[in-house]
Amino acid sequence: VDFNRFSFEKYNISGVSVIKQKNNWSVYSPSDGRIHNGFLVITEGSCVYVWDGVEVNLSPGAIIYLPKGSRHSVTAQMKSLEYFRVNFTVTDVESAEEIVFSDTPILITHSAPEKIMEICSDLTSLTLRPHTDFKTMTYLCELLDFSVRVLNSSTAKGIDIAVNYISEHCVEQI
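A brief look at the structure comes next. Predicted model, so just to flag it, every value in this text is computed and none were measured.

**Quick word on the environment of L81**
Then comes step 1: Within the secondary structure, L81 sits in the loop between β7 (73-76) and β8 (82-92).
Then comes step 2: Each C-alpha atom of the pair L81 and T43 lies 7.7 Å from the other, and the pair is 38 residues apart in sequence.
Then comes step 3: Discounting chain neighbours no more than four positions away, the residues touching L81 are Q21, K22, N23, W25, I42, E44, G45, S46, C47 and A76.

**Regarding the side chain of E82**
Then comes step 1: When you line up the elements, E82 lands in strand β8.
Then comes step 2: One polar contact links E82 to K22, side chain to side chain, over a distance of 3.4 Å.
Then comes step 3: Among all residues touching E82, those that are not within four sequence positions of it are K20, Q21, K22, V41, I42, T43 and E44.

**As for the sheet that holds strand β4 (residues 47-51)**
Then comes step 1: Ordered in space as β2-β7-β4-β5, the 4 strands form an open sheet in which the pairing is antiparallel. Sheet topology places β2 (27-28) and β5 (54-58) at the edges, where each strand pairs with a single neighbour.

**Details of the nonpolar core**
Then comes step 1: Core analysis: the largest hydrophobic core is formed by 28 residues, its most contacted members being I13, F39, I63, F88 and L140.
Then comes step 2: Within the residue set of this core, elements represented by two or more residues are β1 (11-22), β3 (37-44), β6 (63-66), β8, β9 (106-109), α1 (114-126) and α2 (133-150).
Then comes step 3: Once you skip the residues sitting within four places of it in the chain, F88 turns out to touch I13, S14, G15, V16, H36, N37, G38, F39, Y65 and L140.
Then comes step 4: If you look at the next biggest cluster of nonpolar residues, it comprises 15 residues, including C47, L66, V74 and Y83.

**A look at the side chain of H72**
Then comes step 1: Here H72 lies in the loop between β6 and β7.
Then comes step 2: Side chain to side chain, H72 and Y49 meet in a polar contact 3.5 Å long.

**Side note on the pattern of salt bridges**
Then comes step 1: Applying the stated criterion across every chain yields a total of 3 salt bridges.
Then comes step 2: Between K22 and E82 there is a salt bridge; the shortest N-O distance is 3.4 Å. Residue K22 is found in strand β1, and its partner E82 is found in strand β8; the two are separated by 60 residues along the sequence.
Then comes step 3: For E98, the salt bridge identified is with K68, shortest N-O distance 3.0 Å. Taken as a pair, E98 in the loop between β8 and β9 and K68 in the loop between β6 and β7 lie far apart in primary sequence, 30 residues in all.
Then comes step 4: The class of K68 is partly exposed, set by a relative accessible area of 31%.
Then comes step 5: If you follow the salt bridges from partner to partner, you end up with K20, K22 and E82 in one network.

The rules we used
Residues numbered from 1 in each chain as written. Predicted model: local features only at pLDDT ≥ 70, side-chain atom pairs only at ≥ 80, totals over all residues. Heavy atoms only, no water. Helix = DSSP H or I, 4+ residues; strand = E, 2+ residues; numbered from the N terminus. Contact = heavy atoms within 4.5 Å. Polar contact = N/O pair within 3.5 Å; in protein donor to acceptor, adjacent residues only side chain to side chain. Pairing = 2+ DSSP bridges. Core = buried A, V, L, I, M, F, W, Y, C linked by side-chain atoms within 4.5 Å. Buried < 20%, exposed > 50% of the residue type's maximum accessible area, 1.4 Å probe, protein only. Salt bridge = Lys/Arg side-chain N within 4 Å of Asp/Glu carboxyl O.

Below, the structure written as structure tokens:
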């Protein structure tokens, strides 16, 4: 789906989950593609992230948007690699089909500000507690909004539409 045509009257964000993980592997290369849209946010250590022949060195503060279905590999460069995985699902309201916004991962930044790292940490605790939908969506919007401000692309403009809609309509839905 082209982000420029994205609207929350037609699409829904749901299934938000955030976990903080430490690596227990040296090379991670799943045979299937990702099952959710999401973000990878590096908090400690470093790794090499590879998709479609693109190889990127990541260290603390790096954020990558990961579309559903994308294939990748990650090679930890240090024994202690920690990261947040922020996952979410986007569905078409009429057909109930899941959608994605990009065919390949997008490197958003190598150096996210501390506030974004705090948002990821807050999202981790929120997704583990019941009745926190509004706050969870607010923090996810902040993460998406940061991505919009950093990126200068048609994809980012689409995310901006989603962020604006959630900001204006989320209270009504909850």
